[in-house]
Amino acid sequence: MTLSRLVTLFLVALQLAGCAKGAPEQQQKARGPAGPPACGDALVTGSIGEPSTLLPVLATDSSSGEISGLVYNGLLRYDKNYQLEGDLAKSWDVSSDGLKITFHLRHGVKWHDGHDFTSRDVLYTYRVIIDPKTPTAYSEDFKQVQSARAIDPYTFEVTYAKPFAPALASWGMSILPAHLLEGKDITKSPLARSPIGTGPYVFKQWIPLQKVVLEANPDYWEGKPYLSRYVYRIIPDSSTMYMELKAGGLDEMNLSPVQYQRQTNTREFLSRFNKYRYPASAYTYLGYNLRLPLFQDRRVRQAITCAINKEEIIQGVLLGMGQIAHGPYKPGTWAYKPKVDDFGYDPARAAALLKEAGFAMGSDGVLVKNGKRFSFTIMTNQGNDQRLKCALIIQQRLRSVGIEVKIRVMEWASFINNFIDKGQFEAVLLGWTLGQDPDIYDIWHSSKTAPKELNFIHFQNAEVDRLLIEGRGTFDTEQRKKCYYAIQDILAREQPYTFLYVPDALPVVSARVRGIEPAPAGIFYNLIKWYVPKAEQVN
Amino acid sequence: MVNYLIKRILMLFPLLLGITLITFTVIHLAPGEPVEMQASMNPKISAASKARLRELYGLDKPLYVQYGRWISHLAHFDFGRSFAPDNRPVADKIVERIPITLTLNIIALILEFGLAIPIGILAAVHRDTLLDRGISVFVFLGFAVPTFWLALLCMYFFGVKLSWLPISGIHSLGSDRLPALARYWDMARHLLLPVAIATFGSLAGLSRYMRSTMLEVLSQDYITTARAKGVKERIVIYKHALKNALLPVITLLGFSLPGLIGGSVIFETIFAIPGMGQLFYQGVMGRDYPLVMGILVIGACLTLVGNLLADLCYAFADPRIRHGKG
């Protein structure tokens, strides 16, 4: 998984599987002795979508990211506990004023075609990302760079105009081979379909819409991965994927909450597969259009949160495979504040708050203020069943405190263009994928409210603005933590969103694969250490 | 006849131009742009880079300029490059999907005609008997049952429970290492379920059509005459009646030509078949204008050619059309 992908926060129209409490959980049946790690066998995994391009600077989809993550490396990466560690850089220094970052690159790393990896590659990658002709989604973080230079083949230095904490995470961007790309048009490069990287797996074959095959890199600087091949099968339907898994055509996939809870608890299934469960890096929320007079009253937003039973949503939509979200961070990460003064489920308090805000019960059972009924529409995107169910449960709950809710489901492009971008909505039910760095400037800063920007609910809070700038302007984790804690308190009080839930990721892996060690970051961080004992190898 | 043919062929060009003009406009009427699909809701993309993307794709130009550009490229048989992030030539993307879609559709079409025609005749000859009703129930069942549901049931039964057939895709993993014959066998096993289910679902239309034309012909005077002469029933049906009842089928065959490169999204998605249906769907959802236009143009051409061929074959088969002028 490339950092570039994780760093990017973007709305997922994909269905995210459900959530858990705290530590990762594993359901595993005791097996015979595993035997020592052995090379060989293949891991066959399934994906709904096909990768778009294997040049990571040009891709934004998760399929491309998953494969690129095995073929390329960044300078830095996050470890299993969400701590930054060196990847292609063996170490890095930040100058005391926070303006200069120096990366000391690893010696002896080779590209898959045998060339040496040097600072020239890093410099090229930086230049191609900021090149206006490159259609990349990742240039913003790199535009903060004032100058970049390669001091010697193994030292690379960047200078920023002002201290910029998300910079470190941004250097998780996959480094591209300069010797193959320099002076060429990157959008027409053959590397998009047959990449050459420095990573643990070497690209072997891509049959469009069928599969991508990678092979273990024998010269990988961390050691050759045990699993000899990594096969990425494209299976666009999740029911089909599940049947392929059961029939032995796949070794790994993500389960839906229903599959996890109801369909995979048989003795037969559990003897063949191990199920894992940990919080996904995403949350789902109900957002209010704060330009509408109705939602400008804080008490109204608080009342809606009080009227919604988040636990019930998690049970109903995710079958319990998730946890309540109180703010914009994932539980367990350093920026997450475990205790915030949130509004729990309390219909009586909701009623009181609404009364205080001037609403009175009308004759038809709907609240009225100044002759206007309290009625609004929740919009969400088509194709995400969980969101629709969520909206239905909310509709029911709000109805019981006297708020009428209508639900409108729309195709993604029309939804974004005609409604979100034009501010033509009352409330939306959507989700965000979380990046590794806690900087959330783009979603909450008051300057980000122009059409097509992400603070589309028009949240404006001077204190949050100040804290966001302070938080991204220092490398001191303690100081950043204070900023983000304070932001979470403000958001809990203001309720610009009703944060609903953090779903669980529910991967399942064939039981013959060993070496999987669940950690806060999930299970895929140590893929190169996964192995199949000699006696159980099949592929 | 030759004059007529030339006239018909010349007519195709303005017709095609009209079709492209209308589809081009309609596609651009839908809200959203390819740039949006890649950039919307992504905090790391600035307005400037979005503008750059629009410029790159030529979306900043007025619509008529975009159309002019597109049509002049098309005149050189250049479909342009896809607006999807892979930015590949549209022609490549279509060409890599056509073989599997064609294979599947041709086999299904042969099976459909090969089964539906006899079924229709049988039903007409045994009109209102138990056999006729049984056939009706069978073909309507195929028509009514949702294919995705039937597909999943069959996959579960034949793939998971019995392990007789592969579940999805068109090749097994590692089939590229097999000898040629074994590879074809492997592919045939993969195609069995999709083809069978597709055929089952399409029997109703054609067989009912066949039944009604056959009934109509059987009620004609010349059939009564033939029977009165004492011609054997077999010969009455298969020689005198069938020939005439088959005529409209030629038209239907012509209509199925454009269908050969089309594919059902649901079907291809369920069986993980990399066909045209999925490509088109993704193109529409991603507002990939060049790709959508490319597929539509090919479809339009095939429709026009199909109609032309149907008319010609009809004229060839039916002397009334060939000679009669009204």
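Please refer to the structure placed before this passage.
Keep in mind that what you see is a predicted model, and the values were worked out from it rather than measured.

What follows deals with the overall build of chain B. Within chain B, the secondary structure is distributed over 16 helices and zero strands. Partitioning the intrachain contacts of chain B with sequence separation of at least 6 by distance along the chain shows that 72% fall at a separation of at least 24. For chain B, the exposed surface amounts to about 17200 Å²; the carbon and sulfur share of it is 70%. Across chain B, the 30 positively charged side chains and the 20 negatively charged ones have centroids separated by 5 Å.

In this section: the pattern of salt bridges. Residue and element names in this part refer to chain A. This model, assessed by the stated rule, comprises 36 salt bridges over all chains. Between R466 and E470 there is a salt bridge whose closest N-O contact spans 3.0 Å. Pair noted here: R466 and E470 are both in helix 17 (residues 462–472), with a separation of four residues, about one helical turn. For R466, a relative accessible area of 43% corresponds to the partly exposed category.

This part covers the nonpolar core. One finds L286(A), I304(A), F376(A), I403(A), F415(A) and W444(A) to be the most contacted residues of the largest nonpolar core, which totals 90 residues. Residue contacts for I403(A): discarding those within four places in its chain leaves I304(A), L354(A), L367(A), F374(A), F376(A) and L398(A).

The subject of this paragraph is the environment of W412(A). With respect to the helices and strands, the residue W412(A) is situated in helix 15 (residues 412–420). Spatially, the C-alpha atom of W412(A) lies 33 Å from that of V368(A), the residues being 44 residues apart in sequence.

The next thing to look at is the sheet that holds strand 16 (residues 360–361) of chain A. All names here are of chain A. If you trace the three strands from one edge of the open sheet to the other, you get 16-17-18, paired in antiparallel fashion. Edge strands, defined here as strands with exactly one partner in the open sheet, are strand 16 and strand 18 (372–373). Here strand 17 (residues 367–369) runs beside strand 18; their pairing, made up of two bridges, is antiparallel. Looking across to strand 18, one finds that K369 is bridged to K372.

Residues other than glycine seldom take positive phi values, yet D41(A) does so here, at roughly 65 degrees. Following the sequence through the fold, D41(A) ends up in the loop between strand 1 (25–27) and strand 2 (42–47).

About the criteria used
- Residues numbered from 1 in each chain as written.
- Chains lettered and ligands numbered in written order.
- Predicted model: local features only at pLDDT ≥ 70, side-chain atom pairs only at ≥ 80, totals over all residues.
- Heavy atoms only, no water.
- Helix = DSSP H or I, 4+ residues; strand = E, 2+ residues; numbered from the N terminus.
- Contact = heavy atoms within 4.5 Å.
- Areas by Shrake-Rupley, 256 points an atom, 1.4 Å probe, with all protein chains shown as cover.
- Lys, Arg positive; Asp, Glu negative; His and termini not counted.
- Charge placed at Lys NZ, Arg CZ, Asp CG, Glu CD.
- Salt bridge = Lys/Arg side-chain N within 4 Å of Asp/Glu carboxyl O.
- Buried < 20%, exposed > 50% of the residue type's maximum accessible area, 1.4 Å probe, protein only.
- Core = buried A, V, L, I, M, F, W, Y, C linked by side-chain atoms within 4.5 Å.
- Pairing = 2+ DSSP bridges.

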